[in-house]
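Descriptive structure summary
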Amino acid sequence: MAFQPIFNIRTEKTWAYEALVRGTDGQPAEDILAAVTPGKRYAFDQACRVAAIEKSVAAGILQTDARLSINFLPNAIYSAEACIRLTLQTAAEQGFPTSRLIFEFTENEKMADTSHIKNILKSYKKMGFATALDDFGAGYAGLQLLADFQTDFIKLDMALIRNIDQDMPRRMIVESIVKLCRRMDITIIAEGVETRAELAAIRDMGIDLVQGFLLARPAFEKLPPLDHDGDALHWKKKAAA
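Everything numeric in this text was worked out from a predicted model, so none of it was measured.

This next bit is on the overall build of the protein. A tally of helices and strands in the protein yields ten helices and nine strands. Expressed as a percentage of the 241 residues in the protein, the buried residues total 49%. As presented, the protein carries roughly 11,800 Å² of accessible surface, and 51% of it is formed by carbon and sulfur atoms.

What follows is the structure, encoded as structure tokens:
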């Protein structure tokens, strides 16, 4: 597992850490997922949940107020109640508050059965977990999915964020999504932020939660701090001074 922070640029604090699957030689998540056969998806999903909690606690997350965001494979779940048992057991053993857990629909996962996904979300909400729709605006994570069911958070795909400071169509699309999500009581997380200009544009739109290489890269089995001692968050103030 590698961990990448999600920052609240309004409070200037780390709001959560996303647990990201990595190979022992640093292979990215897509390479690892591609090697998981259908028959092993359930076991893999369970193992990742356990590893995310154990590794984050070992890295010191309990010494912070940050949440832990875990990617999961919805199509690997046959029963939300049954699949969550090992997660709850691991959290109890590690002393990790389950109220600080967020479950993300993993990258570009096609939702084969929307009624099944609705049942998962309903069960997770009943158990007090927050949920997030990852990569919104790319792959299978689009408006149709948002119409079918609503998560607590959506993560805007980096393709929508890229050059948003100078790309008016992208800016207009994101502004519309911000207004829509406010009406639906869904919080937006902007992922893939790589430049100060992108960060400034996102801040101007009223998006507080941000993730990206500009602020911090994923760290293997560590909780990385904000890069540049927060310089990226304060560059406008420094320029004005």
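What follows covers the packing of aromatic side chains. Centre distance and the angle of the planes are the two values used to describe a pair of aromatic rings. Tallied over the full model, the rule gives eight aromatic pairs. Judged by centre distance (5.0 Å) and plane angle (45°), the ring pair of Phe103 and Tyr124 falls under tilted. With Phe103 in strand E4 (residues 101-105) and Tyr124 in helix H5 (residues 114-126), this pair connects stretches of sequence that are 21 residues apart. By the burial criterion, Phe103 is buried, and Tyr124 matches it. An aromatic cluster is defined as three or more aromatic residues linked by ring pairs; in this entry it consists of Phe72, Phe103, Phe105, Tyr124, Phe129 and Phe149. For Arg100, the ring lying beneath its charged end belongs to Phe96, and the centroid distance is 5.3 Å. Positioned above the aromatic ring of Phe213 is the side chain of Arg217, whose terminal nitrogen or guanidinium carbon lies 4.1 Å from the ring centre.

Ranked by size, the top nonpolar core spans 63 residues in total, and within it Leu68, Tyr124, Ile154 and Leu156 carry the most contacts. Broken down by element, the residue count for this core peaks at five residues, all from helix H2 (residues 41-59). Sequence-distant contacts of Tyr124, defined by excluding residues within four places in its chain, comprise Arg49, Phe72, Ile77, Ala80, Ile84, Phe103, Phe129 and Thr131. Of all hydrophobic cores here, the second largest spans nine residues; its members include Ile102, Ala132, Ile189 and Leu209.

Before going further, it helps to examine the pairing of strand E3 (residues 67-72). Of all six residues making up E3, five are buried, and the element is well covered by its neighbours. As paired elements, strand E2 (residues 13-20) and E3 share four bridges and run parallel to each other. Of the residues in E3, the one forming a bridge with Glu18 is Ser69. Bridging between E3 and E4 involves five bridges; their strand directions are parallel. Each residue of the ladder has a partner; that of Phe72, found in E4, is Phe105.

To continue, consider unusual backbone geometry. A positive phi angle, close to 55°, is found at Asp135, a residue other than glycine. Following the sequence through the fold, Asp135 ends up in strand E5 (residues 130-136). In the Ramachandran plot, Asn163 falls in the positive-phi region, its phi being about 60° despite a non-glycine side chain. One can find Asn163 in the loop between helix H7 (158-161) and helix H8 (168-184).

Calculation criteria
- Residues numbered from 1 in each chain as written.
- Predicted model: local features only at pLDDT ≥ 70, side-chain atom pairs only at ≥ 80, totals over all residues.
- Heavy atoms only, no water.
- Helix = DSSP H or I, 4+ residues; strand = E, 2+ residues; numbered from the N terminus.
- Buried < 20%, exposed > 50% of the residue type's maximum accessible area, 1.4 Å probe, protein only.
- Areas by Shrake-Rupley, 256 points an atom, 1.4 Å probe, with all protein chains shown as cover.
- Phe/Tyr/Trp six-rings, centres within 6.5 Å; stacked < 30°, edge-to-face > 60°.
- Lys NZ or Arg CZ within 6 Å of the ring centre and 35° of its normal.
- Core = buried A, V, L, I, M, F, W, Y, C linked by side-chain atoms within 4.5 Å.
- Contact = heavy atoms within 4.5 Å.
- Pairing = 2+ DSSP bridges.

The values reported here are purely geometric and, on their own, carry no functional implication.
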